[in-house]
Amino acid sequence: MQSSASGQGMRRLYSIVISLAAVSANTAFAAQSTYVNERFGTVCTFPDDIFTDRQPEPENGDGQVWLSADGASLTCSGILNIDHETPKDFVVSEKASNEPGYKVTYGKAGKDRAVLSGVKNGKIFYERRLFGGDGVIRTVWIDYPPALKSKYDPLVGAIAGSLKGP
């Protein structure tokens, strides 16, 4: 009986720890917004206490840009894949780019997605693209000053990971 009681106590303690972790996680990310683009169905979730300055939506309705007070930006958008580009095509062409002030330091292509990071115009950037079977490329782009790397690096994965489409 003692081992059964001990087992129940451990399960209760485990349950409490899990509950506290969930409360803590929800508190840490309480200020979130989820953006859904009407034209392409692009979806991304981000901390709206950081990206507070929503820019006017472009006339073509392809996405949205938000700015932060400290110089970062977030773009969530979609485009028609009229050239039938693949994730590999995208990564190869971006790595080969000679655009001044633009350097890709990491690029990876999967079956239906691509990820890039590097530097553009003095800012660190991270880009994730989903190549949908519906002929749409959905993108999340985040850039920020290098001095804020420790603030934004932990956010990038969660924001980029939230990118999806229908």
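Located above this text is the structure these notes cover.
Residues numbered from 1 in each chain as written. Predicted model: local features only at pLDDT ≥ 70, side-chain atom pairs only at ≥ 80, totals over all residues. Heavy atoms only, no water.

K.L.:
Help me out: how do you make sense of helix α2 (residues 87–95) in this one?
P.N.:
Owing to its 3.6 residues per turn, the α-helix brings residues three or four apart onto one side. Residues of α2 that are buried include every one of P87, F90 and V91, and no others. Taken end-on, α2 shows its buried residues confined to a sector of 95°, consistent with a single buried face. Turned more than 90 degrees away from the buried face of α2, the exposed residues are K88 and V92. The elements touched by buried residues of α2 are β6 (102–109), β7 (113–120) and β8 (123–131). (Buried < 20%, exposed > 50% of the residue type's maximum accessible area, 1.4 Å probe, protein only. Helix = DSSP H or I, 4+ residues; strand = E, 2+ residues; numbered from the N terminus. Arc of directions from axis to C-beta. Contact = heavy atoms within 4.5 Å.)

K.L.:
Explain unusual backbone geometry here, please?
P.N.:
Peptide bonds are mostly trans, and most non-glycine residues show a negative phi. Its identity as a non-glycine residue notwithstanding, H84 has a phi of 55°, on the positive side. Backbone geometry places N121, a non-glycine residue, at a positive phi of 50°.

K.L.:
Even after reading the chapter, I still don't get the pairing of strand β5 (residues 73–80), so can you show me in this structure?
P.N.:
Each regular strand shows side chains that alternate between the opposite faces of the sheet. With 5 bridges connecting them, strand β4 (residues 63–68) and β5 associate as antiparallel partners. The partner of V65 across the bridge, within β5, is T75. Between the end of β4 and the start of β5, which pair antiparallel, lie 4 residues, with G71 showing a positive phi angle near 100°. Bridging between β5 and strand β9 (residues 136–144) involves 8 bridges; their strand directions are antiparallel. Directly across from S77, in β9, lies its bridge partner T139. (Pairing = 2+ DSSP bridges.)

K.L.:
Just to check I follow, could you spell out the packing of aromatic side chains for this structure?
P.N.:
Each aromatic ring pair is described using two quantities: the centre-to-centre distance and the angle formed by the ring planes. Summed over the entire model, instances satisfying the criterion amount to 8 aromatic pairs. Consider the rings of F90 and F131, whose centres lie 6.5 Å apart with planes at 55°: the pair is tilted. Residue F90 is located in helix α2, and its partner F131 is located in strand β8; the two are separated by 41 residues in the primary sequence. No difference in accessibility class separates F90 from F131, as the two residues are buried. Ring plane angle 5° and centroid distance 4.6 Å describe the contact between F125 and W141, whose orientation is recorded as stacked. Here F125, found in strand β8, pairs with W141, found in strand β9; they are 16 residues apart in sequence, far enough to count as distant. Among the residues examined, F125 registers a relative accessible area of 1% and is labelled buried. Ring pairs connect the aromatic residues Y35, F46, F51, W66, Y144 and Y152, which therefore count as one cluster. (Phe/Tyr/Trp six-rings, centres within 6.5 Å; stacked < 30°, edge-to-face > 60°.)

K.L.:
Quick question: what am I supposed to make of the pattern of salt bridges here?
P.N.:
If charged atoms from side chains of opposite charge come close, those side chains can pair. The tally for this structure, following the rule as stated, stands at 8 salt bridges. A salt bridge links D70 to K151, with the nearest nitrogen and oxygen atoms 2.6 Å apart. Placement of D70 in the loop between β4 and β5 and of K151 in helix α3 (residues 149–161) is noted, with a sequence separation of 81 residues between them. Judged by its relative accessible area of 35%, K151 falls in the partly exposed class. (Salt bridge = Lys/Arg side-chain N within 4 Å of Asp/Glu carboxyl O.)

K.L.:
Where do I start with the sheet that holds β5 in this structure?
P.N.:
Two pairing modes exist for strands in a sheet, parallel and antiparallel, and in both the strands are linked by backbone hydrogen bonds. The strand order across the open sheet built from 7 strands is β3-β4-β5-β9-β8-β7-β6, with neighbouring strands paired in antiparallel fashion. Whereas interior strands pair on both sides, the edge strands pair on one side only; in this sheet they are β3 (51–54) and β6. The sheet shows a mean angle of 20° between the axes of neighbouring strands, taken without regard to direction. Here β8 runs beside β9; their pairing, made up of 8 bridges, is antiparallel. (Axes fitted to C-alpha atoms, helices over the stretch in contact; angles between N-to-C directions.)

K.L.:
Help me understand the environment of Y144 in this model?
P.N.:
Counting through the fold element by element, Y144 comes out in strand β9. C-alpha of Y144 to C-alpha of D70: the two residues are 74 residues apart in sequence and 8.3 Å apart in space. If we skip the residues at most four places from it in the chain, Y144 touches G71, A72, K123, I124, K149, Y152, D153 and V156. For Y144, the side chain forms a polar contact with the side chain of D153, separated by 2.3 Å. (Polar contact = N/O pair within 3.5 Å; in protein donor to acceptor, adjacent residues only side chain to side chain.)

Just distances and angles here, no functional claims.
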